[in-house]
Amino acid sequence: MHVFGSNELVEDVLKTDLCVGCGACVNLCPYYKTWRGKTARLFPCDLPRGRCHAYCPKAEVDLDELSRKIWQTTYDGSPLGNHRKIIAARAGEKMLPGAFQAGGTVSALVTVALRNGLIDAVALTDRQGLTPVARLITDWREVVNCAGTKLMAAPTLAAVNEAVGQGRRRLGVVGTACQMTAVAQMRTNPLEEEDFSDPIALAVGLFCNWSLDTRQFQQFLSAKIDLAAIRGMDVPPPPADILVLTTDTGTVEIPLSQIKPIIAQTCFTCPDMTAEFADVSVGMFEGRPGWNTVIVRSDKGAELIEKARGEKYLETEAMPEENIAHLSRAAAEKKARALRMLMRRNLLNNKNGRHAAVRMPTEIVERILKG
Ligand SMILES: Cc1cc2nc3c(=O)[nH]c(=O)nc-3n(C[C@H](O)[C@H](O)[C@H](O)COP(=O)(O)OP(=O)(O)OC[C@H]3O[C@@H](n4cnc5c(N)ncnc54)[C@H](O)[C@@H]3O)c2cc1C
């Protein structure tokens, strides 16, 4: 792996607007802080190699190396990544009620993992006002408090680092694709520390096409609506082309054309729509409100789904082939778009001492671009 230090992180990621504010560099040392969607370094640091750089999902991510370490197989650029099966699911009859984004599958899986001691704590994303904040949850009854999608980049991984620093292992984490890439890097001991042990016992990924810049989104909305009245937000599938805000008094629809300018620019360089390094990845089930699409990737993920189903915290069904094909096409398009952007910005597989954001074998790049 190409691991550099804090100065490279600042130059290559923070100063170039590649930072997504995921929290992977926060709480490793006192220098990096997160504030309303932005990450900043308070003081200089000249260490040549650091976990801040090694964990960052926007700096020198070698997808082939990561795939070999996490999945014991090469990165093949397939649209949905390594997986065993794809199913439909929603929270079962035993699940506590909550303001779930879709079927509540994510909350149900995390609840079952905590209840059964598969994990001791889980890093989730809550919000303070409209600002997403990281929460470390240890009581399964509190999982539902973090239900619902905050469509902005969130510093969730700051809670993982804090918990690891306190000596916790057996952690769960829920996050978007970029966050799952960072988590995968955390799991692979990139600094080759002798006393390393993998702190992550469960990684639940969220499908993601983009997230919004927190500060710009807040400014944009405060001109239109009382921010304190917002209860939830959603982007219904095409052709709706709107963002829907649920408020205390009803719903507000905003054309996506108004939202697109405030998508975090770094999201256009992300080749991963379905959180390919998670144990289980969860997204919406297009055309079937109240249900989720679930990609089961690891043994651990498959066992958790079975347990949740057996304990009636989860209901599952087969996923229609045409939905899988549609998902696969969308994910392939995102990959190709991201590669073109990475190439345009000189951030793919850079050579001659220049740093890359993403690395992958040239033949895979060609395969993805050919479609
Ligand atoms: C920024 C973003 C963009 C997304 N884009 C898509 C998309 O294009 N297509 C699609 O199918 N699905 C997308 N999703 C996923 C989708 O919104 C739901 O999270 C998913 O379907 C799970 O639904 P659920 O009912 O099981 O979740 P719930 O049971 O309601 O749980 C939601 C979980 O999401 C976590 N969370 C909420 N906001 C964030 C955040 N900003 N960052 C990290 N974690 C968070 C919470 O900790 C909570 O545990 C996106 C999610 C996010 C956060």
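Every residue gets a number counted from 1 within its own chain, in the order that chain's sequence is written. With pLDDT at 70 or above as the cut-off, local features in this predicted model cover only qualifying residues; side-chain atom pairs require 80 or more to be listed or tallied, and sums for whole chains, interfaces and linings still use all residues.

*Asks:* Run through helix 9 (residues 299–310), naming residues and quoting values.
*Replies:* Taking 1.5 Å of rise per residue, 12 residues should cover 16 Å, and helix 9 covers 16 Å from first to last C-alpha, within 8% of that figure. We call two residues in contact when their backbone-placed C-beta atoms lie within 7 Å. The numbering of helices and of strands both runs from the N terminus, where a helix is a DSSP run of H or I of at least 4 residues and a strand a run of E of at least 2. Close packing links the buried residues of helix 9 with helix 4 (105–115), strand 8 (200–206), strand 12 (280–284), strand 13 (292–296) and strand 14 (314–318). Phi turns positive, to about 65°, at lysine 312, one or two residues after helix 9. In a helix, the anticipated span is given by 1.5 Å times the number of residues less one.

*Asks:* A description of helix 6 (residues 177–187) should follow, citing residues and the corresponding values.
*Replies:* Neighbour density around each residue's C-beta defines its exposure: 20 or more other C-beta atoms within 10 Å make it buried, 12 or fewer make it exposed, and counts between make it partly exposed, where C-beta atoms are placed from the backbone. The buried fraction of helix 6 is high, at 10 of 11 residues. Every buried residue belonging to helix 6 is among Ala177, Cys178, Gln179, Met180, Thr181, Ala182, Val183, Ala184, Gln185 and Met186, and all of these are buried. Where the residues of helix 6 are buried, they touch helix 2 (51–55), strand 3 (61–62), helix 3 (63–71), helix 5 (157–165), strand 7 (171–175) and strand 8. At the C-terminal side of helix 6, asparagine 189 shows a positive phi close to 50°.

*Asks:* Report on the site of the ligand, specifying residues and quantitative values.
*Replies:* In this analysis a residue is considered near a molecule or strand if the C-beta atom, reconstructed from its backbone, is found within 6 Å of that molecule or strand. Around the ligand, a shell composed of 32 residues is seen, among which Ser107, Leu124, Thr125, Gly283 and Met284 lie nearest. Every element with two or more residues in the shell around the ligand is listed here: helix 4, strand 5 (121–128), strand 7 and strand 12. In this classification, the charged set is Asp, Glu, Lys and Arg, the nonpolar set is Ala, Val, Leu, Ile, Met, Phe, Trp, Tyr, Cys and Pro, and all remaining amino acids, among them Gly, are polar. Here the residues of the shell around the ligand are counted per class, giving 16 nonpolar, 15 polar and 1 charged.

*Asks:* Can you explain the sheet that holds strand 10 (residues 242–247)? Please cite residues and give values.
*Replies:* Sheet architecture is open: 3 strands sit in the order 9-10-11, paired in antiparallel fashion. Of all the strands in the sheet, the pair left with one neighbour each is strand 9 (230–234) and strand 11 (250–255). Between one strand axis and the next, the sheet turns by 25° as a mean value, whatever way the strands run. Alignment of strand 10 against strand 11, held across 6 bridges, turns out to be antiparallel. Paired with valine 244 across the two strands is glutamate 253, which belongs to strand 11. Two strands are counted as paired when DSSP detects at least two bridges linking them. Angles run from 0 to 180 degrees between N-to-C directions of axes, and those axes are lines fitted to C-alpha atoms, restricted for helices to the stretch in contact.

*Asks:* Describe the domain arrangement of the protein, and please don't skip the residues or the numbers.
*Replies:* Parsing the protein into structural domains produces domain 1 (6–210 + 265–370) and domain 2 (214–262). A C-alpha centroid distance of 24 Å is found between domain 1 and domain 2. Of the residues that constitute the side of domain 1 that touches domain 2, the class distribution is 6 nonpolar, 6 polar and 2 charged. For the domains described, the bounds stem from an automatic or database domain assignment.

*Asks:* Please provide a residue-by-residue account of the environment of proline 48, values included.
*Replies:* On the secondary structure map, proline 48 appears in the loop between strand 2 (38–41) and helix 2. For proline 48, a count of 11 C-beta atoms within 10 Å puts it in the exposed group. A sequence separation of 42 residues divides proline 48 from serine 6, and the C-alpha atoms of the two residues are 7.6 Å apart.

*Asks:* Can you explain unusual backbone geometry? Please cite residues and give values.
*Replies:* Following proline 238, the chain continues to proline 239 via a peptide bond in cis, the omega torsion being 10°. Structurally, the position occupied by proline 239 is in the loop between strand 9 and strand 10. One non-glycine residue, arginine 36, adopts positive backbone phi at about 45°. With respect to the helices, strands and loops of the structure, arginine 36 is situated in the loop between strand 1 (32–35) and strand 2. Of note, the phi angle at glutamate 60 is positive, near 50°, even though the residue is not glycine. Note that glutamate 60 resides in the loop between helix 2 and strand 3. C-beta crowding within 10 Å serves as the criterion here: with 24 such atoms nearby, glutamate 60 is assigned to the buried category.

*Asks:* Could you give me a rundown of the sheet that holds strand 14, with the residues and numbers involved?
*Replies:* On the basis of which strands lie adjacent, the open sheet formed by 8 strands has the order 6-5-7-8-12-13-4-14 and mixed pairing. Among the strands making up the open sheet, the edge pair consists of strand 6 (131–137) and strand 14. Direction aside, the axes of adjacent strands within the sheet are offset by 30° on average. As defined by bridge partners, strand 7 adjoins strand 8 across 5 bridges and the pair is classed as parallel. Within strand 8, the position partnered with glycine 172 by the bridge is leucine 202. Contacts between helix 5 and the sheet are confined to strand 5, strand 6 and strand 7, with strand 6 contributing the most and set at about 30° to the helix.

*Asks:* I'd like a rundown of the nonpolar core, residues and numbers included.
*Replies:* Core analysis: the biggest nonpolar cluster contains 111 residues, and Leu109, Val122, Ala123, Val204 and Val280 have the highest contact counts within it. Taken domain by domain, this core gets at least three of its residues from each of domain 1 (6–210 + 265–370) and domain 2 (214–262). Apart from residues lying up to four places away in sequence, valine 204 is in contact with Val106, Leu109, Val110, Val174, Ala278, Asp279, Val280 and Val282. The term nonpolar core means buried Ala, Val, Leu, Ile, Met, Phe, Trp, Tyr and Cys residues held together as one set by C-beta atoms within 7 Å.

*Asks:* Could you give an account of the environment of glycine 103, naming the residues involved and the relevant values?
*Replies:* Tracing the backbone shows glycine 103 in the loop between strand 4 (85–91) and helix 4. A tally of 26 C-beta atoms within 10 Å means that glycine 103 is categorised as buried. Taking the C-alpha atoms as reference, glycine 103 lies 4.2 Å from tryptophan 291; in sequence the two are 188 residues apart. With residues near it in sequence (within four places) discarded, glycine 103 still touches Ala89, Arg90, Ala91, Gly290, Trp291 and Asn292.

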